[in-house]
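Descriptive analysis of the structure
Take a look at the letters that make up each chain.
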Amino acid sequence: MPNYVALIRGVAPSIENRNNAAILRALSTLDFAGLGSVLSSGNYVFTSALGSTAKLEALITNTLAKELLTIVRSQQQIQTLVDNNPLSGTPHGPGSYQLVTFFKHPMDPGFALPHHPEGKFFELVAVVDGALFTVSDNAPGRTVDTMAWLERHYTRDLTSRTPLTLQKILKRLQ
């Protein structure tokens, strides 16, 4: 059976039905094998014979609190992102904080990449397999509003992870 990760936006440790334990309990009612969380922050790996990320997203969405956004990707899709990371070799940390943003529906950046929005401390670097790679200069004193900007320009139906988190997810999927 194929391996998947559910990337869930809206996980909140202090909210009873939206914390990691509650989500794991809800997901355990589904017919998934090998269910587990990665970093307890909205990343849930599992195996399923359902065979469609769209069907898995719908199933998980119907099982969880409605304010939680679920995006499902296969092990192969995560492998593609790790293998084709346009930011590899760039240090991740203060001054170069990296994100990979997943969209519920396909997105078109609307301009050539890389793109540095005027007056912003981040750059949209590339789209790989539908995921947008960005890098931010988050040095002290700088307000980085990458997610807010992406929501205003594209959709609120998105969630982001660092490339390092994707590597950890991939390791668990293997």
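Given the structure is predicted, the values throughout are model-derived calculations rather than measurements. (Residues numbered from 1 in each chain as written. Predicted model: local features only at pLDDT ≥ 70, side-chain atom pairs only at ≥ 80, totals over all residues. Heavy atoms only, no water.)

Under the criterion given, the structure shown has five salt bridges. Among the salt bridges present, the one from Glu-57 reaches Arg-73, with a minimum N-O distance of 3.7 Å. Taken together, the residues span a long stretch of sequence, with Glu-57 in helix 2 (residues 53–63) and Arg-73 in strand 4 (residues 69–74) at a distance of 16 residues. By relative accessible area, Glu-57 is classed as buried at 9%. Judged by relative accessible area, Arg-73 falls into the buried class, the value being 13%. Ionic pairing is found between Lys-120 and Asp-145, a salt bridge with its closest N-O pair at 3.0 Å. With Lys-120 in the loop between strand 5 (97–103) and strand 6 (122–128) and Asp-145 in the loop between strand 7 (131–136) and helix 4 (146–153), the pair connects residues that are 25 residues apart, well separated along the chain. Residue class for Lys-120 comes out partly exposed when judged on its relative accessible area of 22%. Through salt bridges with shared partners, a single ionic network connects Arg-9, Glu-151 and Arg-156. (Salt bridge = Lys/Arg side-chain N within 4 Å of Asp/Glu carboxyl O. Helix = DSSP H or I, 4+ residues; strand = E, 2+ residues; numbered from the N terminus. Buried < 20%, exposed > 50% of the residue type's maximum accessible area, 1.4 Å probe, protein only.)

Right, let's talk about the nonpolar core for a bit. Core analysis: the biggest nonpolar cluster contains 21 residues, and Val-5, Ile-78, Leu-81, Val-100, Phe-102, Leu-166 and Ile-169 have the highest contact counts within it. Among the elements of the structure, strand 1 (3–9), strand 4, helix 3 (75–83), strand 5, strand 6, strand 7 and helix 5 (163–173) are those that each provide at least two residues to this core. Ranked by residue count, the leading element in this core is helix 5, at four residues. Once residues lying within four places of it in the same chain are set aside, the contact partners of Val-100 are Leu-81, Ala-131, Leu-132, Phe-133, Thr-159, Ser-160, Arg-161, Pro-163 and Leu-166. (Core = buried A, V, L, I, M, F, W, Y, C linked by side-chain atoms within 4.5 Å. Contact = heavy atoms within 4.5 Å.)

Burial analysis of strand 3 (residues 43–47) places five of its five residues in the buried class, which makes it a mostly covered element. With burial as the criterion, each face of strand 3 is covered, one bearing Asn-43, Val-45 and Thr-47 and the other bearing Tyr-44 and Phe-46. Alignment of strand 1 against strand 3, held across five bridges, turns out to be antiparallel. Looking at the pairing, Val-5 lines up with Val-45 of strand 3. Examined bridge by bridge, strand 2 (residues 33–37) and strand 3 share three bridges and lie antiparallel to one another. When the bridges of strand 3 are listed, Ala-33 appears paired with Thr-47. The loop that links strand 2 with its antiparallel partner strand 3 comprises five residues; one of these, Leu-39, has a positive phi angle of about 65°. (Pairing = 2+ DSSP bridges.)

Below, the discussion takes up the side chain of Arg-73. Separated by 3.3 Å, the side chain of Arg-73 and the backbone oxygen of Phe-103 make a polar contact. What Arg-73 contacts, discounting residues up to four positions off in sequence, is Tyr-4, Val-5, Leu-7, Thr-53, Glu-57, Ile-78, Phe-102 and Phe-103. (Polar contact = N/O pair within 3.5 Å; in protein donor to acceptor, adjacent residues only side chain to side chain.)

A sheet is described by the order of its strands in space; here four strands give the open sequence 6-7-5-8, paired in antiparallel fashion. Two strands bound the open sheet, and with one partner strand each, they are strand 6 and strand 8 (158–161). Ignoring strand direction, the axes of neighbouring strands in this sheet form an average angle of 25°. Bridge analysis of strand 5 against strand 8 gives four bridges, and the strand direction is antiparallel. Each residue of the ladder has a partner; that of Val-100, found in strand 8, is Arg-161. (Axes fitted to C-alpha atoms, helices over the stretch in contact; angles between N-to-C directions.)

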